[in-house]
Each structure stands twice: as C-alpha cells, then as structure tokens.
Amino acid sequence: MTPVHFFRIVGEAIDSHMLDEIVGSAHGGVVTFLGVVRSDSGDGRTVTSLQYEAFEEMALREFETIAGEVRQRFGEVRLGIVHRVGEVRAGEISVAVLAAAAHRAAAFDACRYAIDELKRRAPIWKKERYADGSAEWRSGA
Amino acid sequence: MTPVHFFRIVGEAIDSHMLDEIVGSAHGGVVTFLGVVRSDSGDGRTVTSLQYEAFEEMALREFETIAGEVRQRFGEVRLGIVHRVGEVRAGEISVAVLAAAAHRAAAFDACRYAIDELKRRAPIWKKERYADGSAEWRSGA
Amino acid sequence: MRIRLVAFAGLRELLEAPERSLELPERARVDDVWRVLAREHPALDSQRASTRVARNGRLASFEDELVEGDELALLPPVGGG
Amino acid sequence: MRIRLVAFAGLRELLEAPERSLELPERARVDDVWRVLAREHPALDSQRASTRVARNGRLASFEDELVEGDELALLPPVGGG
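Residues numbered from 1 in each chain as written. Chains lettered and ligands numbered in written order. Predicted model: local features only at pLDDT ≥ 70, side-chain atom pairs only at ≥ 80, totals over all residues. Heavy atoms only, no water.

## Quick notes on the sheet that holds strand 3 (residues 52–55) of chain D
Paired through backbone hydrogen bonds, the strands of a sheet run either parallel or antiparallel to each other. Residue and element names in this part refer to chain D. In space, the five strands of this open sheet follow the order 2-1-5-3-4, with mixed pairing throughout. Looking at the sheet topology across the chains shown, the edges are occupied by strand 2 (19–23) and strand 4 (58–60). Taken pair by pair, the neighbouring strands of this sheet meet at an average axis angle of 35°, ignoring direction. When strand 3 meets strand 5 (residues 71–75), the two strands line up antiparallel, connected through four bridges. Residue pairing in the sheet places Arg55 in a bridge with Leu72 of strand 5. This element, helix 2 (residues 30–40), spans strand 1 (2–7), strand 2, strand 3 and strand 5 of the sheet and lies at about 60° to strand 5. (Pairing = 2+ DSSP bridges. Helix = DSSP H or I, 4+ residues; strand = E, 2+ residues; numbered from the N terminus. Axes fitted to C-alpha atoms, helices over the stretch in contact; angles between N-to-C directions. Contact = heavy atoms within 4.5 Å.)

## Topic: the confidence of the model for chain C
Low pLDDT marks stretches whose predicted atomic positions should not be read closely. Taken as a whole, chain C shows an average pLDDT of 94; of its residues, 98% reach a score of 70 or greater. Across the interfaces of the predicted complex, the ipTM metric reaches 0.92, alongside a pTM of 0.93. (pLDDT = per-residue confidence, 0-100.)

## Let's talk about the interface of chain A and chain B
In this assembly, 27 residues from chain A lie in contact with 27 residues from chain B. With both chains or domains summed, chain A and chain B bury close to 2300 Å², and 52% of this area falls on carbon and sulfur atoms. Contact with chain B buries area across many residues of chain A, yet A:Arg38, A:Arg104 and A:Phe108 alone supply 29% of it, more than any other trio. Our count for the chain A to chain B interface comes out at four salt bridges. Remark: the boundary between chain A and chain B carries 14 residue pairs in polar contact (both at pLDDT 80 or more). Those elements giving two or more residues to the side of chain A that touches chain B turn out to be strand 2 (29–36) and helix 2 (104–121) of chain A. Across the side of chain A that touches chain B, the residue classes tally to eleven nonpolar, ten polar and six charged. (Buried area = accessible area lost by both parts, 1.4 Å probe. Salt bridge = Lys/Arg side-chain N within 4 Å of Asp/Glu carboxyl O. Polar contact = N/O pair within 3.5 Å; in protein donor to acceptor, adjacent residues only side chain to side chain. Nonpolar A, V, L, I, M, F, W, Y, C, P; charged D, E, K, R; others polar.)

## Here we look at the relation of the copies chain A and chain B
Note: a rotation about an axis with an accompanying shift along it relates these two copies of the chain. Laying chain A over chain B is done by rotating through 180° and shifting 0.0 Å along the axis; what remains is an RMSD of 0.0 Å. The two molecules are tied by a two-fold rotation axis, judged by turn and shift. Residues of chain A ranked by C-alpha distance from the rotation axis are headed by A:Thr32, positioned 2.5 Å from it. Interface residue correspondence from chain A to chain B reaches 100%, placing this contact among same-surface, isologous pairings. (Least-squares fit on C-alpha atoms with pLDDT ≥ 70 in both.)

## So, the sheet that holds strand 8 (residues 135–138) of chain B
Residue and element names in this part refer to chain B. Reading across from one edge, 5-3-7-8 is the order of the four strands in this open sheet, with antiparallel pairing throughout. Since the sheet does not close on itself, it has two edges, and those belong to strand 5 (86–89) and strand 8, each with one partner. Each strand axis lies, on average, 25° off the axis of its neighbour in the sheet, ignoring direction. As judged from the four bridges shared by strand 3 (residues 47–54) and strand 5, these two strands associate in the antiparallel manner.

## Re unusual backbone geometry
When glycine is set aside, most residues are seen to have a negative phi, and most peptide bonds are trans. Residue and element names in this part refer to chain D. A positive phi angle, close to 55°, is found at Ala9, a residue other than glycine. Its place among the elements puts Ala9 in helix 1 (residues 9–15). According to the relative accessible area criterion, Ala9 is buried, its value standing at 1%. A positive phi angle is found at Glu16, which is not glycine, with a value near 65°. When you line up the elements, Glu16 lands in the loop between helix 1 and strand 2. In this structure Glu16 comes out as exposed when scored by relative accessible area, which is 67%. (Buried < 20%, exposed > 50% of the residue type's maximum accessible area, 1.4 Å probe, protein only.)

Okay, here's the thing in structure tokens:
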C-alpha cells in the first residue's frame, strides 16, 4: 500500500465523493468527517455564511505534515483532505477529511487526529457573516 | 432537533449518500463510517466475498437501542445505519454508519460507539468465501 | 402446542432449514427444544454454550417456558470484526 | 532590498491589501517590518503577541533576518472550531 494522499483547497462546493478514489482494496475501514457551516453562531446570532481564507501553499504543506504524523501514530492510513475557501453558506460543507485503513480503529483515530490538528494548526481563517449584515473574523475553539 | 434516525437492512449495494438526508441545519459535524469487504482474510487466504445474514427485526431493534444509548452518552445526535445482507464482494460496502451532531466530538464518539456496538451485539453473521472455493462462518473480533 | 423455530448462519445450515414448525408438550422450555434438536443433530451438543436464543425477537433464556405460537430463534455468536 | 509582504484575514483587512512590496535596509529583521507597518497602522500594536510570521512559507521568528526577494507572511491566530 503506497501512501497516496489527496489534499486540495478548492473554491467551489465540496463533493464528498471526490475523496473516494483514495480508498484501496486493503482498506476495510473508511471514516469521513464533514464540517458543515451551522446557522447558529453559538452566541445567539444567525450565521448566513462563512468566508474562508487560506494561505494555500502553507496549508497544503501542513496537511502533508499532519498526514506524516498520522502514519507515525496510527500506521498505514491514507488521508484525504479537501478544504473550501471563499464564501460557504450555512448548510454547505467547508471541509472534508477521509481516512482509510485496514481496520476501523486506525481510520477513526486518523480522521479525528487530522481534523483536530487541521483546525488547530492550518493557516485557514474564517469570517462569520450574520443575518444582520455584520461580520467578524473568528478564531479559537 | 427531533431524533429522526434512519435504519435499514438492504439486499443491494449501499450508496453512502442514502444517509445524507438525516443531516439537518443544526449539524456542524458529520462522521461516516464505511465498512468495506477486504480481500485479505487476515490468515493468508484470499476472500472473494462475504455472505451476510441478519435476523432483521431483531437487528433493527438493536440499532434503535444503540441509538438510544448514543443519545444518552453523547447528547443530541442523529444516527443512520445501513447494513447489507446477501453476498458482498471484496471492495464493496457492507455497512455504513452516519452520526450527525452540532459539533464534531459528539459525532465522532457516536459513530464509533455505534459501529463498535453493532459489531458486538447486532444479530448479523458473515460467512467468508475464499478464492479456493471454501467458506467459513466467522465471529469474534 | 406448536412453535416456529428459526435459526441463522451456521446453526441454520446445521439444521438444514431456515425455519420449521415444532410440536411440543405444553409448558415446554427452550431447553426442551434444544434437546429435541440435539437428538436429531448431535453436532449441536458442542454449541450450546455459545448459542443465544430469542423468543419472539427478544433475547431469552434456555429456562424460559414457551407458549403456543411462539417464535424461537437460535443465534450463533455474533461479533464479526 | 525588496521583500514581498502578504497578510491574511483580519491583518489583510487592516493593512488594506492582500500583498505589497516593501523596500528595506540590508539585514532588516521581521521585527523591523512590523515596526514600519505599525507606524502606518497603529491598530497593529495590540496584535503582535497573537500574530505568527512565515518566511517563504515556513514559520519564522520576529528576530529572523530577511534577504532580498523574501516573502514575509503575517498570520493572525488560527484555530477555528
């Protein structure tokens, strides 16, 4: 099994099937995470969309770094990450992470590690746009 | 958010998108597990297909029970489970589990709990068919 | 009284039928059914410890009494990886 | 020497441009660039502690020296839930 990962930053809607191609015949467990824009900001305001912005070359390199850590920690895992940039409306997918492994434990661990680290480290920012016309850059969990 | 789960046992190929409909606007994290038939039996033999057999009414009731436990443990989560029965060839999906929650931690926890408990408890059996023509019912992890 | 017997996977193959009807004395227990079947199919003997039973779709015990019209299911071990 | 400056998110908006070219004395450090910018945009002052910098796409320190042709990126905090 060769370590063929798949990393993209895209400007259009994410089709979660675009990651299916990295799944190989040795993979018995495939775990996918989809991050979806919620209309609830968490502080009572209504979110209409998020504006995502990435330092793309550095973000893609961070994805590679995370994939290396995943394989060190969890063994033979193929990882796919697609992150959308630009305006993403409530209900649309902002990020998809797929982890494929021989068994499900490694696939779950890898997928969760990848999205947690992506959120923590990748140079990608988001601005929340609210129904009242205001907008705000958000960071922190 | 109403607890609308989606449980099916099907005789035809699983389309992982059939679970998408349970995702609602309050769900920011969606985790999907796909179990795929591997051609490696784990003991050196080549698997050509698995024959799955379910005690359907009891299996569906077990899915409901697991969903209740998921909500007790992890809060507001919607769960979808589709399990295939009959012959499933190597490379095809035997089971799909989707968990949708407001945040990703609950979605990961719920999806993993559901597939672990399904494998442990649901009255579903599998017979491995090998390239040499032999076949064997398998149980245990 | 009559009950319906269903079996799955290896037990289904061993009993050579997915389901059958059984005539039993009143107040027969699950265990009585097992002994009837084990006389016909001695290979069942070694499998009792690993077999679970369900009465009308709910897990039951070998000590449970059956009633007319019950469906008794014989379930081999589950837990496939 | 000239370097290219890029900024993202709130810092991009504050600097009013996604990128610009800057003329600097030889052996200027990242911190020198920051002070030039903070004179133009006093609102930067409060953000230095939370800002990370990257030199040619790799994380760098405010003490690092720059060379002709470098790309210096200013990165606000990440970590969106």
